[in-house]
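Each chain, letter by letter, is given below.
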Amino acid sequence: MNVFRGFLCTLASAALLLCSPLALAQATKSGLSEQKFSRIDIYAGYGYLKPINTSINGQTFNSIYNKNMTISVTGYLTQHWGIQGEVGYFSADSPRGAFGQCIGGACSSRDQSNYTLQGGPVYRVRLGHLSPFAHVLGGGSRTRGPFLQPLTWGYGVTAGGGVDYIFRFWNETFALRPIQADFQYSHVNYGATPTPAAANYTGILNMPAIKLSGGLVMRLGNVETPLAVSEACEVEPSQVYPGDPIRIEPATVNLNPKKKTTYTWTTTGGQLTVAGDGANLDTANLAPGTYTVKGHLTQGGKSYQQADCSRDFTVRPYDPPTVSCSASPGSVKIGESVTVSASGRSPQNRPLSYTFTSTSGQLTGQGSTRTLQAGGTPATITVNCTVVDDQGKTASATTTVSVTAPPPPPLPSSRNLCSVSFARDRRRPVRVDNEAKACLDEIALVMAREGDAKLVLLGNYDTGESAETGAERSLNVSLYLKQDKGIDPSRIETRIGSQMGRGVDSILLPPGATNPAVGSRSFDPATIRSHGEAYGRKRTATPTRKRRRRK
């Protein structure tokens, strides 16, 4: 039973190997079609025959493994298919025989034997050094039974396969067959029982068996399957303009140089003239479009001796011109001019003419260059450059010119004038003294000279003083400028400065300038209490009580 299971596994593995698409794909990928496929295989090997649960007249058939051989001759019609004839010889020789084989005290020296002469189809593949195969055989089976049934012909079938390991030396003439595993079935009729004494010599034998063998294979000849011819159409050039010639040539593979080759050419457009194996094609008067050239090759009546090819060619209309457009400079001020240039090209060198248009401004000039005079308002002007050939085919391109207004005049900036110090008179810290009047006279001259400017007075104060002290200082300075120097009060602005000492800073603000005194603040003059005289003049004295003298 274990031998039978091993046979089934071997046979299933061989079938999977032969039928596996992956194995066939790998064989093709590795270029096995270029390896040698023998035409005749001659095999001789030593084997083993194991009947499976077979008995006749109560006597079991034993395994046969000595004095045996398997010889086959296979002729291949193609690289894969062939016809095989096989001879099997399995004979045992036991001088005493086995139990139950002796009749009437006499034992035979000839035990059970099996000879086959069968034939049938075989299929093989080539996987590198290995060549798996499978076969199905049928024919005669001559068998001697265990009860001295005489050698009698019957019929039988054999199915199985194996694998050959091909040696690369001597042009792959020899191969080793490590295993050939077959299932063999034999049917033999030994006839009816003539007498009761001869009952053991008769009967019908139905014997399934496993046959294993291994040996050497001689591989002779080589099967060469004719390769199909192929043809490709070479069209040069494949794109033309009306009237341009085209040359057609065949590109062929697997031609038999011993056979005559005939070429036939047809086209869906143009006029063909045969020249050698190829043809010349005249495209005059063909409308633009795509056309097809077809070729037919013949070396015989069989399908692999014929081939067809097809190739398209295109008749193109004359190409339109191309143009580029540029402006120099690309950005100008109002009223300035720009040079606009166009560069056109015709693939077939047709004569060209130019036209220009713009969204604003004025264009002057001729040829491929124009002068653009910018308008009076800021804008982005688009200039269109158009080129046309003698067939009316056109191309256009655009460029842009940025027209900007002149930059505005710079904004006026403030200017610091002289500062008035109140640090000299500690008893009258807010009074404008005579030394300060020199600075104020200078400020008055500037204000008179720049009649549209304004003056900002920043009253500063010292540590320990209040911000109102700085405000009173700026008011006293403004009072002097207004009353003694006649400066328009609307042109003077008084503000509280910072805690930076006892003084008043003066800042001149031309029209449009902004006050740079960050951190200063305005105040209401009515809320500021005056302390003593504002500047050099005495104030009107207020009546006071006389002090009573002490007695």
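Everything below is about the structure printed above this text.
What you see is a predicted model; the values in this text were computed from it and never measured.

Q: Tell me about the sheet that holds strand E4 (residues 68-76), residues and numbers included.
A: Spatial ordering of the closed barrel is given by E1-E4-E5-E6-E7-E8-E9-E10, a layout of eight strands whose pairing is antiparallel. Sheet twist, expressed as the mean angle between neighbouring strand axes with direction ignored, is 25°. Bridge count for strand E6 (residues 113-124) against strand E7 (residues 130-144) is ten bridges, and the pairing is antiparallel. Each residue of the ladder has a partner; that of Tyr115, found in E7, is Arg142.

Q: Please provide a residue-by-residue account of the state of the cysteines, values included.
A: Applying the stated criterion to the full structure yields three disulfides. Each disulfide pairs two cysteine sulfurs, and for Cys233 the partner residue is Cys309, the sulfurs being separated by 1.8 Å. With the S-S bond torsion at 75°, the cross-link from Cys233 to Cys309 turns out right-handed. Separated by 76 residues along the polypeptide, Cys233 in strand E11 (residues 230-236) and Cys309 in strand E18 (residues 306-315) bring together distant segments of the chain. Given the relative accessible area of 6%, Cys233 is considered buried.

Q: Can you tell me about the nonpolar core, naming the residues and giving the values?
A: Across soluble globular proteins, you tend to see nonpolar side chains buried next to one another. In terms of nonpolar packing, the biggest core is built from 23 residues, with Val420, Val432, Leu440, Ile443, Leu455, Val477 and Leu481 touching the most fellow members. Of all the elements in the fold, those that place two or more residues in this core are helix H3 (434-449), strand E29 (454-459), helix H4 (467-483) and strand E31 (503-509). Counting residues per element, this core draws most heavily on H3, which supplies seven residues.

Q: Talk me through the packing of aromatic side chains; I want residue IDs and the actual numbers.
A: All told, the structure shown has eight aromatic pairs when counted by the stated rule. Each ring, one from Trp170 and one from Phe174, has its centre 5.8 Å from the other, and the planes form 65°; the classification is edge-to-face. Using a relative accessible area of 27% as the deciding quantity, one classes Phe174 as partly exposed. Both rings, one in Tyr291 and one in Phe313, keep their centres 5.6 Å apart while their planes meet at 25°; by these two values the pair is stacked. Placement of Tyr291 in strand E17 (residues 289-298) and of Phe313 in strand E18 is noted, with a sequence separation of 22 residues between them. Since its relative accessible area comes to 14%, Tyr291 is described here as buried. Residue Phe313 is classed as buried on the basis of its relative accessible area, which comes to 0%. Ring pairing ties together the aromatic residues Tyr165, Phe167, Phe169, Trp170 and Phe174, which thus form one cluster.

Q: Outline H4, listing residues and values.
A: Taking 1.5 Å per residue, 17 residues should reach 24 Å; H4 reaches 25 Å between its end C-alpha atoms and fits that length. Of all 17 residues making up H4, twelve are buried, and the element is well covered by its neighbours. Listed as buried for H4 are Ala467, Thr469, Gly470, Ala471, Glu472, Arg473, Ser474, Asn476, Val477, Ser478, Tyr480 and Leu481.

Q: Explain the side chain of His187 residue by residue, including any values.
A: With respect to the helices and strands, the residue His187 is situated in strand E9 (residues 174-189). A polar atom in the side chain of His187 sits 2.5 Å from the side chain of Asn206. Beyond its immediate sequence surroundings of up to four residues, His187 is in contact with Gly154, Tyr155, Ile204, Leu205 and Asn206.

Q: How would you sum up empty space enclosed by the protein? Please name residues and give values.
A: Counting across every chain of the model gives one cavity of 30 Å³ or more. Quantified by volume, the largest cavity comes out at close to 60 Å³. Together, Asp41, Tyr76, Arg124, Ser131, Phe133, Asp164, Ile166, Arg177 and Arg219 line the largest cavity. Residues that form the lining of the largest cavity fall into these classes: three nonpolar, one polar and five charged.

Parameters and conventions
Residues numbered from 1 in each chain as written. Predicted model: local features only at pLDDT ≥ 70, side-chain atom pairs only at ≥ 80, totals over all residues. Heavy atoms only, no water. Pairing = 2+ DSSP bridges. Helix = DSSP H or I, 4+ residues; strand = E, 2+ residues; numbered from the N terminus. Axes fitted to C-alpha atoms, helices over the stretch in contact; angles between N-to-C directions. Disulfide = S-S within 2.5 Å. Buried < 20%, exposed > 50% of the residue type's maximum accessible area, 1.4 Å probe, protein only. Core = buried A, V, L, I, M, F, W, Y, C linked by side-chain atoms within 4.5 Å. Phe/Tyr/Trp six-rings, centres within 6.5 Å; stacked < 30°, edge-to-face > 60°. Expected span 1.5 Å × (residues − 1). Polar contact = N/O pair within 3.5 Å; in protein donor to acceptor, adjacent residues only side chain to side chain. Contact = heavy atoms within 4.5 Å. 1 Å grid on protein atoms, 1.4 Å probe; cavity = no way out; pocket = protein on both sides within 12 Å on 5 of 7 lines; lining within 4 Å. Points joined across faces, edges and corners; volume = space filled by probe spheres on them. Nonpolar A, V, L, I, M, F, W, Y, C, P; charged D, E, K, R; others polar.

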